[in-house]
Amino acid sequence: ATDELGVFEMAGQGLLGVPDASSLFLTDRRTGVAGSAVVPTLQGQRPLLVEVQALTNRLSPGVPPRRSAQGLDGGRLALLLAVLERRTRLDLSTHEVFASAVGGVRLTEPGADLAVCLALVSALTDQPLPADLVVFGEVGLAGELRQAAHAPRRLAEAARLGFRRAVVPANSPDGPPGLRLSRVATLAEAVAALAVH
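Here the structure is a predicted model, which is why all the values come from computation and not from measurement. (Residues numbered from 1 in each chain as written. Predicted model: local features only at pLDDT ≥ 70, side-chain atom pairs only at ≥ 80, totals over all residues. Heavy atoms only, no water.)

Novice: Kindly report on unusual backbone geometry, identifying the contributing residues and their values.
Specialist: Look at Arg89: it is not a glycine, yet its phi comes out positive at around 65°. Inspection of the secondary structure assignment puts Arg89 in the loop between α2 (74-88) and β6 (95-101). One non-glycine residue, Asp126, lies in positive phi territory at about 60°. Structurally, Asp126 is set in the loop between α3 (113-125) and β7 (133-135). (Helix = DSSP H or I, 4+ residues; strand = E, 2+ residues; numbered from the N terminus.)

Here is the structure:
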């Protein structure tokens, strides 16, 4: 299928398929570092856990802020920054902003919006998110959180890899046993639930 993701590694006998891509993408993840969030995303029909990183840097007055996105849509990043400023009252206008999807993955689905936003808030406040937390959900212009497709599949993959908490849109279905969900209706509620501002 054209919308599927295949992950391979080069070995002595040639290209070999990687059976557990989520573990591969999280292998070098450092916990306890501000500006990092893990999102269970879908690449085609395959659930995949990807780390989103953000970095903010305060600028001198009068210097135009730079925005840079790697593995993320630059226009979507600009939209999320505007929603963050307007709906959570965080001032990002005086900061350079860098955001990246780790491992060379390109995140194009809106289900990654909440992870990008919380990584930015974590970077701005210099407070790490919990190491056992995953987040997903689409962020609307009013700051509301909308469901992402195939939530049960995303949550099952997160639980399989040992994550114990998830911040999800308010109407998301239940997750597997052992995964505690924090259901939030707005971006402001998500930020408040994690006490990162």
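Novice: Can you break down the side chain of Ser36 residue by residue, with the values?
Specialist: Turning to its location among the elements, Ser36 is positioned in strand β3 (residues 36-43). Among the polar contacts made by the side chain of Ser36, one reaches the side chain of Glu51 at a distance of 2.6 Å. Residues within four places of Ser36 in sequence aside, it is in contact with Arg29, Glu51, Val52, Ala119, Ser122 and Leu129. (Polar contact = N/O pair within 3.5 Å; in protein donor to acceptor, adjacent residues only side chain to side chain. Contact = heavy atoms within 4.5 Å.)

Novice: Report on the packing of α2 against α3, specifying residues and quantitative values.
Specialist: The interhelical angle for the contact between α2 and α3, taken along N-to-C directions, is 60°, at an axis separation of 10 Å. Taken together, the axis directions place α2 and α3 in an arrangement best described as oblique. α3 is crossed by α2, and the crossing has right-handed handedness. Two secondary-structure elements touch here, α2 through Arg76, Leu77, Leu80, Leu81 and Leu84 and α3 through Asp113, Val116, Cys117, Leu120 and Val121. Tallied by class, the residues present in the contact of α2 with α3 amount to eight nonpolar, no polar and two charged. (Axes fitted to C-alpha atoms, helices over the stretch in contact; angles between N-to-C directions. Parallel < 35°, antiparallel > 145°, perpendicular 65-115°, else oblique. Left-handed = near helix turned anticlockwise from the far one by under 90°. Nonpolar A, V, L, I, M, F, W, Y, C, P; charged D, E, K, R; others polar.)

Novice: Can you break down α3 residue by residue, with the values?
Specialist: The end-to-end C-alpha separation of α3 is 19 Å, in line with the 18 Å expected for 13 residues at 1.5 Å each. The element α3 is extensively covered by neighbouring structure, given that eleven of its 13 residues are classed as buried. Of all the positions in α3, only Asp113, Leu114, Ala115, Val116, Cys117, Leu118, Ala119, Leu120, Val121, Ser122 and Ala123 are classed as buried. Phi for Asp126, located one or two positions after α3, is positive at around 60°. (Expected span 1.5 Å × (residues − 1). Buried < 20%, exposed > 50% of the residue type's maximum accessible area, 1.4 Å probe, protein only.)

The analysis is restricted to geometry; functional conclusions fall outside its scope.
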